Each structure stands twice: as C-alpha cells, then as structure tokens.
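An overview of the molecular structure
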Amino acid sequence: MSEQREIVTIDGPSGVGKSTLSRRVAAALGYTYLDTGAMYRAVALYLQQLQIDLDDEEKVRSTLSSLDLQLLPADGEDGDVGVVVGGQDVSRTIRTPEMGMLASRVSAIPAVREKLTEMQQAIGRAGKIVAEGRDTGTVVFPDACWKFYLEADPEERGRRRVEQLRASGQEVDARELLAMIVKRDRDDQERTLSPLQKAEDALVIDTTSIDIQEVCRKILEFVREKKSC
Ligand code: DC
C-alpha cells in the first residue's frame, strides 16, 4: 500500500458525529486529524473581517492569495483543532452556528474551494490522515483507502449540535438551530461545486441510534480488516 493512500475520509452532513469520530479514529490509528470544515469556517471569518464582497470572485481570489492559515493539534481527545489565521487564534470564534452558515456560503465560491482543496491535498500528501468534511472522499482524496459516509435523522443531528454548543458554553435556540442545519445541508448538497454526496466506494453508516463508541469500533474494524486498497 502506498503511503499516499493511507487516508481515511469521513463525510456527511452537520451534527452526524464526524468530528468526534474522526478525532477518535485518528487517535486510535496514530494518524493526523484533518478538520476541513474548520478551514472553511476560518476563511469565512477572514473574508468577513476584511469585509470582502463575496460576490466579487476576483477580489476573493486575490485576498486568499495572502491567507495565512494554520491548524494546530486538537485540544485533548474530544477537543476541537486549533485554528490560527494571520497570527490570530480564531479557534473559538469560528465555532458558532452563524459562522457555520457563512462557511457554507463561502464554500460554494470556486476560488475558495480551489485554495482549500489544494491546501488539504498538500497536508494529506504524506498520508496517515483522517479527513472529515463534505467532499474529502469524492474530491480532495478520491484515492483514499478507506471512505465513510455518515448519516443521521435531522432531529437527532440538531439535538447533538445543541448539546455540543451548550457544552462549549453557547446558548442556542433548538428550533432555530435545527432550521439552520436543514438549510445548510440542503445548500451544501445542492451547490454545483463539490457538493455533499456519498463517494461511490464509501461505506454508509447511519448513526441515528448507534452509540458513538460502536460507530468508532465499526470504522476501526473496517480499516484494520481492509488492509490493502
Ligand atoms: O463541518 P463544518 O460544520 O465545520 O463545515 C462548515 C461548512 O463548511 C459546511 O456547511 C460546508 C463547508 N465545508 C465544505 O464545503 N467542504 C468541506 N470539506 C468541509 C466543510
């Protein structure tokens, strides 16, 4: 097996358990966890802070040419990755539902996708990566060894997101959050460029009523059994 293909991809809609699972799978395998959503969120914040007109693609493209984005290791087994943009620690600022919506909007801009896909592929070049997002199995790492696509009922995903945000100290309205999640997933699925979709060769796991530890066990079992690809 070539080093380059020692990549696990975990895609799916929001609140499906991707982050927790990716972190745990990465820790168990000794791989690096790559949170591609954090990168879209960081770019959304960067463009917002600079007040860039998102309809002006050339401006977006030229602004991104000076993007200085760094990812730091996750904070503990269940912590988020650290994100630093232009020397500013934005790890917490990007984790709001509003920044998720803005990230979804900027993720449909070709210049943004080109830039971040290139960065993600550079990070994955050495292999031993667990990448999570929307297009990691379809576009970013189409030749990844192990691909997973997670699904769960929207109500359950909304409930998990509320729990996650409250645990991080954010007060949220559950109904409003569910409406945002449903809109964001629809937009992510319907966009032309790299939409959220299952890779043909991905294993689909419905996490609605399975305990996260059980899903993690299933993923690791699959990875360890399918030794070559
Ligand atoms: O995974 P997340 O909630 O942090 O992602 C935020 C948004 O970023 C998501 O709604 C769409 C976009 N995104 C994307 O287009 N492609 C990815 N690989 C990851 C995220």
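Look up: the structure comes first, before these words.
Let us look at the structure shown here. Just so it is clear, the model here is predicted, and its values are computed rather than measured.

**Some points on unusual backbone geometry**
Negative phi values dominate among residues other than glycine, just as trans dominates among peptide bonds. Here Lys128, not a glycine, exhibits a phi torsion of approximately 55°, which is positive. Residue position: Lys128 is located in the loop between helix H5 (110-124) and strand S6 (129-133). Positive phi, close to 40°, is recorded for Ser194, a residue that is not glycine. Mapped onto the elements, Ser194 comes out in the loop between helix H8 (174-190) and strand S8 (203-206).

**Re the nonpolar core**
The biggest cluster of nonpolar side chains holds 55 residues, and the ones touching the most others in it are Leu47, Val83, Val112 and Ile219. Setting aside residues no more than four positions away along its own chain, Val112 makes contact with Tyr40, Val43, Leu47, Val60, Leu64 and Val106. If you look at the next biggest cluster of nonpolar residues, it comprises five residues, including Leu165, Val172, Leu177 and Ile181.

**Considering the environment of Glu225**
Looking at the secondary structure, you find Glu225 in helix H9 (residues 212-225). Glu225 gets classed as exposed once you look at its relative accessible area, which sits at 61%. Sequence spacing of Glu225 and Ile109 is 116 residues, and the spatial spacing of their C-alpha atoms is 38 Å.

**A short note on the side chain of Arg157**
Inspection of the secondary structure puts Arg157 in helix H7 (residues 154-167). Contact partners of Arg157, with chain neighbours within four places excluded, come to Pro13, Ser14, Gly15, Val16, Ala152, Ile181 and Asp185.

**What to know about the site of the ligand**
Surveying the vicinity of the ligand reveals 14 residues, the closest of which are Arg41, Arg113, Asp135, Arg184 and Asp188. Residue Thr36 places a side-chain N or O atom 3.0 Å away from a nitrogen atom belonging to the ligand. Taking Arg113, its side chain carries an N or O atom lying 2.9 Å from an oxygen atom of the ligand. Within the complex, the protein chains bury 98% of what would otherwise be the 450 Å² of accessible surface of the ligand. Counting residues per element, the ones that place at least two in the shell around the ligand are helix H2 (36-49), helix H4 (97-106) and H8. It is H2 that contributes the most residues to the shell around the ligand, four residues altogether. Taken together, the residues of the shell around the ligand break down into two nonpolar, five polar and seven charged.

**Concerning the pattern of salt bridges**
All told, the structure shown has 20 salt bridges when counted by the stated rule. Between Arg95 and Asp35 there is a salt bridge, with the nearest N and O atoms lying 3.0 Å from each other. On the criterion of sequence distance, the pair formed by Arg95 in the loop between strand S5 (88-89) and H4 and Asp35 in strand S2 (residues 32-35) is long-range, its members being 60 residues apart. Like Arg95, the residue Asp35 is buried in the burial classification. Glu156 is paired through a salt bridge with Arg160; the nearest N and O atoms lie 3.0 Å apart. Taken together, the residues span about one helical turn, with Glu156 and Arg160 both in helix H7 at a distance of four residues. Residue class for Arg160 comes out buried when judged on its relative accessible area of 17%.

Cut-offs applied
Position labels on residues start from 1 in each chain and follow its written sequence. Given that the model is predicted, a residue must reach a pLDDT of at least 70 before its local features are reported, and side-chain atom pairs must reach 80 or more before they are shown or counted; all residues, however, enter totals for whole chains, interfaces and linings. Hydrogens and waters are ignored; side-chain quantities use all the structure's heavy atoms. Starting at the N terminus, helices and strands are each numbered in turn, a helix being any DSSP run of H or I of at least four residues and a strand any DSSP run of E of at least two. By nonpolar core is meant a set of buried Ala, Val, Leu, Ile, Met, Phe, Trp, Tyr and Cys residues that side-chain atoms within 4.5 Å join together. Per-residue accessibility, obtained with a 1.4 Å probe over protein chains only, is compared with the maximum for each type, and a residue is labelled buried under 20%, exposed over 50%, and partly exposed between these values. Residue contacts are defined here by distance: any two heavy atoms, one from each residue, within 4.5 Å place the two residues in contact. If even one non-hydrogen atom of a residue comes within 4 Å of a molecule or strand, that residue is called near it. Pairs of N or O atoms within 3.5 Å make up the polar contacts considered here, provided that, within protein, one atom can donate a hydrogen while the other can accept it, and that residues adjacent in sequence are counted only when both atoms are side-chain atoms. Surface accessibility in these figures is a Shrake-Rupley result with a 1.4 Å probe; residues are shielded only by whichever protein chains are displayed. Residue polarity is assigned by list, with Asp, Glu, Lys and Arg as charged and Ala, Val, Leu, Ile, Met, Phe, Trp, Tyr, Cys and Pro as nonpolar; anything else, Gly included, falls into the polar class. The working definition used for a salt bridge is a side-chain nitrogen of Lys or Arg within 4 Å of a carboxyl oxygen of Asp or Glu.

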